[in-house]
Amino acid sequence: MLSKRVNGIAESATIKMGLLAKQLQDEGKEVMNFSLGEPDFKTPEHICEAAKKALDLGYTHYTSSAGITELREEIAKKIQAENKVDVNAEEVIVTPGGKQAIYEVMMSVLDEGDEVLLLDPCWVSFEAAVKLAGGKPSWVKKLEEEVKYEALESAASENTKMIVINSPNNPAGYVLSDRELNEIAEFATEHNLLVLSDEIYEKIIYERRHVSIASLDDMQERTIIVNGFSKTYAMTGWRIGYAVAPPVIMNGMLKIQQHSVSCAPSISQYSALTALRGSQECVDKMVKEFKRRKDVIVKRLNGIGLRCVNPEGAFYAFVNTSNHGNNDIEFTERLLKEAYIVVTPGSAFGSAGKDYVRFSFAASMENIVEGMERIEKML
Ligand SMILES: Cc1ncc(COP(=O)(O)O)c(C=O)c1O
């Protein structure tokens with residue numbers, strides 16, 4: 001009944017774990033959920049107010065498919081000022097979430113059998129998007145080692161069309177160094193590859209600074225930046241993302257958007273405009289709190305013997321469980337059964353994650369402390 005394409009992809013492991021946590025909670029269990037990929041903060045008040053105003057003004061209809069002009073212009077300004085990439089509003093497409101932007105990129109540029117380099121481990125939906133578009137993922141290990149030209153070279157073939165990077169990274173929390181970005185840029189240029197750069201966690205960063213690969217020499221013409229409002233402004237449910245792409249690709253994405261979702265939600269677009277134009281203090285506050293939680297969870301996990309590299313960005317701790325003789329699936333199940341703790345098994349993100357589990361610290365400090373106590377007892 002189902003197509004080969006759909007049969008070829010797995011259910012989203014992160015969404016699955018979230019549902020499992022909810023099911024246990026509904027059964028009355030005191031579950032600690034560390035599987036969520038979304039900020040637990042409320043969307044800032046002034047952004048919510050903008051939505052109420054948009055409703056009152058009757059902005060409740062389709063917008064132009066690529067997004068309202070004011071928002072595209074504001075995004076272009078932000079990209080120029082913060083990411084040092086010289087774009088204009090026509091190169092920006094506003095999408096219903098960053099996820100949709102990624103699908104539109106893959107559908108626009110991949111033909112059957114084209115290969116895409118993915119860094120292993122990586123966010124679960126990249127692989128699915130590549131496969132649904134008829135492409136084939138090819139993996140390059142990137143966990144605690146640096147991305148090197150030679151490793152890219154040995155994973156590539158004459159069918160390779162694109163490389164996907166995501167820095168700061170979900171699930172491993174790394175931020176790509178300038179050296180790695182330069183090496184990836186050199187490789188992409190020499191092999192005439194496109195680069196999809198997912199920068200959705202750019203503001204949630206604790207070490208290093210965020211550099212967009214599109215700002216490196218001659219990279220803009222081959223780079224598609226994907227970003228959005230979900231993580232930076234705690235706006236996951238508003239479904240607003242965007243991409244900045246070379247005009248030909250942007251037009252391909254636009255066609256898909258016109259024939260699939262029409263446009264991003266109108267009310268949310270006005271709220272996103274307010275998010276960009278308003279004070280950024282709300283973002284600083286959330287990032288500060290994420291950092292406070294990160295410091296606690298990393299210290300506690302390492303203290304219990306669950307080795308965890310200090311995340312440089314995003315809100316995930318990627319924890320090595322091999323000291324405890326369990327693979328990731330066994331450890332995830334054990335946490336759930338013995339401590340009512342929900343995490344995501346690392347192998348969901350690629351084979352490099354098979355001895356790891358991902359803890360999201362988009363959870364209250366109280367839950368983090370209690371969660372760590374439960375694990376300590378369990379072990
Ligand atoms: C790396 C990465 N990219 C993109 C997204 C998509 O976010 P959204 O579709 O809410 O903009 C996520 C969400 O979890 C993510 O982790």
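Note that this is a predicted model, so its numbers are computed, not measured.

### Description of the domain arrangement of the protein chain
Domain annotation for the protein chain reports domain 1 (4–43 + 281–378) and domain 2 (58–277). Taken over C-alpha atoms, the centre of domain 1 sits 25 Å from the centre of domain 2. Roughly 3,100 Å² of surface becomes buried between domain 1 and domain 2 when both sides are summed, with 60% attributable to carbon and sulfur atoms. Interface area lost by domain 1 to domain 2 is led by R5, E312 and F349, which between them contribute 23%. Summed over the shared surface of domain 1 and domain 2, the number is three salt bridges. The closest approach of N and O atoms between R307 and E144, which form a salt bridge, is 3.5 Å. Connecting domain 1 to domain 2 are 22 residue pairs in polar contact (both at pLDDT 80 or more). Those elements that provide at least two residues to the side of domain 1 that touches domain 2 are α1 (4–7), α2 (13–26), α11 (281–304), β10 (316–320) and β13 (356–360). In terms of residues, the side of domain 1 that touches domain 2 owes the most to one element, α11, which gives seven residues.

### Observations concerning the site of the ligand
Around the ligand sit G97, G98, K99, W123, N166, N170, D198, I200, Y201, S230, K231 and R239, and those are all the residues in its vicinity. Within the backbone of G98, one N or O atom sits 2.7 Å away from an oxygen atom of the ligand. Applying the majority rule of atoms within 2 Å of the grid points places the ligand in the largest pocket. For the shell around the ligand, the residue count by class is three nonpolar, five polar and four charged.

### Brief notes about the packing of helix α12 (residues 328–339) against helix α13 (residues 365–378)
In the contact formed by α12 and α13, the axes pass within 10 Å of each other and the chain directions differ by 100°. With respect to α13, the axis of α12 lies roughly perpendicular. Contacts between α12 and α13 involve F331, R334, L335, E338 and A339 from the first element and R374, I375 and M378 from the second. A breakdown of the residues in the contact of α12 with α13 according to their chemical character gives five nonpolar, no polar and three charged.

### So, empty space enclosed by the protein
Taking a probe equal in size to a water molecule and rolling it over the atoms shows the remaining empty space. This structure, assessed with the given rule, holds two cavities of 30 Å³ or more. Taken together, L118, L119, C122, F126, V164, I165, N166, N169 and Y174 make up the lining of the largest cavity. At the level of elements, β3 (115–120) and β5 (160–166) are the ones that each hand at least two residues to the lining of the largest cavity. Tallying contributions element by element places β5 first for the lining of the largest cavity, with three residues. When its residues are assigned to classes, the lining of the largest cavity shows seven nonpolar, two polar and no charged.

Definitions and cut-offs
Residues numbered from 1 in each chain as written. Predicted model: local features only at pLDDT ≥ 70, side-chain atom pairs only at ≥ 80, totals over all residues. Heavy atoms only, no water. Domains from an automatic or database assignment. Buried area = accessible area lost by both parts, 1.4 Å probe. Salt bridge = Lys/Arg side-chain N within 4 Å of Asp/Glu carboxyl O. Polar contact = N/O pair within 3.5 Å; in protein donor to acceptor, adjacent residues only side chain to side chain. Helix = DSSP H or I, 4+ residues; strand = E, 2+ residues; numbered from the N terminus. Near = heavy atom within 4 Å. 1 Å grid on protein atoms, 1.4 Å probe; cavity = no way out; pocket = protein on both sides within 12 Å on 5 of 7 lines; lining within 4 Å. Sits in = over half its atoms within 2 Å of the grid points. Nonpolar A, V, L, I, M, F, W, Y, C, P; charged D, E, K, R; others polar. Axes fitted to C-alpha atoms, helices over the stretch in contact; angles between N-to-C directions. Parallel < 35°, antiparallel > 145°, perpendicular 65-115°, else oblique. Contact = heavy atoms within 4.5 Å. Points joined across faces, edges and corners; volume = space filled by probe spheres on them.

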